[in-house]
Amino acid sequence: MLKEKEIYRVNIESVNNLGNGVAHIDGMALFVPYAITGDVCDVLIKKQYPSYAIGSLSAIIEKSPFRTEPACNHFKECGGCSYLNLDLDRENTEKENQAASALRKFKIEAKTVRTQCPVAEKYRNKVVLFYGIGGFGYNRNSSYDVVPHSKCQMNPPVFDKIAEYCKDNLNKANLRALFIRMSSLEKPEIMVAPIYKSKTDIVKFSMGLASAFPEIRTILLGVNKEKDFAFEKTDFSTVYGDGHIEDTMCGLTFSISPRSFYQINRSCATALYEKA
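Before going into details, it helps to say that this report is about the structure given with it. (Residues numbered from 1 in each chain as written. Predicted model: local features only at pLDDT ≥ 70, side-chain atom pairs only at ≥ 80, totals over all residues. Heavy atoms only, no water.)

Along its length, the chain carries four helices and 15 strands. Oriented by its inertia axes, the alpha-carbon framework of the chain measures out at about 60 × 45 × 35 Å. For the chain, the residues scored as buried account for 43% of the 276 residues in total. Once local pairs closer than 6 in sequence are excluded, the contacts in the chain between residues at least 24 apart make up 53%. Split by element, the accessible area of the chain, about 15500 Å² in all, is 52% carbon and sulfur. Positive and negative side-chain charges in the chain, numbering 36 and 32 respectively, have mean positions lying 4 Å apart. (Helix = DSSP H or I, 4+ residues; strand = E, 2+ residues; numbered from the N terminus. Buried < 20%, exposed > 50% of the residue type's maximum accessible area, 1.4 Å probe, protein only. Contact = heavy atoms within 4.5 Å. Areas by Shrake-Rupley, 256 points an atom, 1.4 Å probe, with all protein chains shown as cover. Lys, Arg positive; Asp, Glu negative; His and termini not counted. Charge placed at Lys NZ, Arg CZ, Asp CG, Glu CD.)

Shown next, in the form of structure tokens:
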């Protein structure tokens, strides 16, 4: 049994689907945020459970050869990304191992075939940015606190510019979040939806936003009254345009609304569908 508030030296064996390093002490699994495969590190035990423990990285004694320096200054506080401190090729290896391990639990031995994603940055075609003190951003890890940022390396640059415009021009009373979606057409189409706790007049704002960003096809008002924000519980009404955008994938054209399920990384989804 591990002792809480004690420090243990461990070898990180793998990385799980949440981006946490995984080690074992006397057969018990230990999960360590920000540790990666190949690290030798000192870990402070934060919480002990019957079958596993959660630790925090106290010191890295030997750095893994797979460790990289995250390009994002918010990596350790923002909950948007999990693998920025891991070499891309090793990240893909870890994900292959995770897929094989998940199938093995059902006694399925599967041979994985790697499909390399064509892009590793600026690929997101959809974001929900939460509003907090300082502007829009993603939630802090395991928290509803917002980590504001002026740019995100996973978002197209135009998303950051739209978020900045919204921060400067939107009515902030009861503002909860900002939803942005974009197609991959030669002339991209963009959907924008500020989300409030109650119905709010954004007509004048919408005219200014559409004028500032001609690629915007539609603007909607989102209303979400739920105490704990869940995007699926948002009601949308069209303020500008026709309420949807269009995109193509594998020769098919899709009409996409705010709630439509559509792969957030279109280029990777296309590569997978073409192999299927």
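What follows picks up the thread again.
Here the focus is the packing of aromatic side chains. Across all of its chains, the model carries 11 aromatic pairs by this definition. Arranged with centres 5.6 Å apart and planes meeting at 75°, the rings of Tyr34 and Phe75 form a pair that is edge-to-face. Of the two residues, Tyr34 sits in the loop between strand E4 (28-33) and strand E5 (40-48) while Phe75 sits in the loop between strand E6 (52-62) and helix H1 (88-104), which places them 41 residues apart along the sequence. Residue classification places Tyr34 among the partly exposed positions, given a relative accessible area of 22%. (Phe/Tyr/Trp six-rings, centres within 6.5 Å; stacked < 30°, edge-to-face > 60°.)

Quick look at the sheet that holds strand E12 (residues 216-223) now. Taking strand neighbours across the sheet as the criterion, the seven strands line up as E9-E8-E7-E10-E11-E12-E13 in an open arrangement whose pairing is mixed. The open sheet is flanked by strand E9 (146-148) and strand E13 (235-240), the only strands paired with a single partner. For this sheet the average axis-to-axis angle between neighbouring strands, irrespective of direction, equals 35°. The pairing of strand E7 (residues 126-132) with strand E8 (residues 135-139) spans three bridges and is antiparallel. Bridging from a neighbouring strand, Tyr131 pairs with Phe136 of E8. (Pairing = 2+ DSSP bridges. Axes fitted to C-alpha atoms, helices over the stretch in contact; angles between N-to-C directions.)

Moving on to the pattern of salt bridges. Inspection of every chain in the model, using the stated rule, returns 13 salt bridges. In this structure, Glu77 and Arg140 form a salt bridge, with 3.2 Å as the shortest nitrogen-oxygen distance. Pair noted here: Glu77 is in the loop between E6 and H1 and Arg140 is in the loop between E8 and E9, with a separation of 63 residues, a long-range link. Since its relative accessible area comes to 30%, Glu77 is described here as partly exposed. Taken together, the shared-partner salt bridges connect Asp89, Glu96 and Arg114 into one network. (Salt bridge = Lys/Arg side-chain N within 4 Å of Asp/Glu carboxyl O.)

The next thing to look at is the layout of surface pockets. In this structure, the second largest pocket spans a volume of roughly 430 Å³. Around the second largest pocket sit 16 residues that line it, and Asn20, Pro33, Tyr34, Asn141 and Ser142 are the ones nearest its centre. Its residues assigned to classes, the lining of the second largest pocket shows eight nonpolar, eight polar and no charged. (1 Å grid on protein atoms, 1.4 Å probe; cavity = no way out; pocket = protein on both sides within 12 Å on 5 of 7 lines; lining within 4 Å. Points joined across faces, edges and corners; volume = space filled by probe spheres on them. Nonpolar A, V, L, I, M, F, W, Y, C, P; charged D, E, K, R; others polar.)

Empty space among the atoms can be located by rolling a probe the size of a water molecule over them. This structure, assessed with the given rule, holds one cavity of 30 Å³ or more. One number sums up the size of the largest cavity: a volume of about 130 Å³. Forming the boundary of the largest cavity are 13 residues, of which Cys72, His74, Cys78, Cys81 and Cys152 lie nearest the centre.

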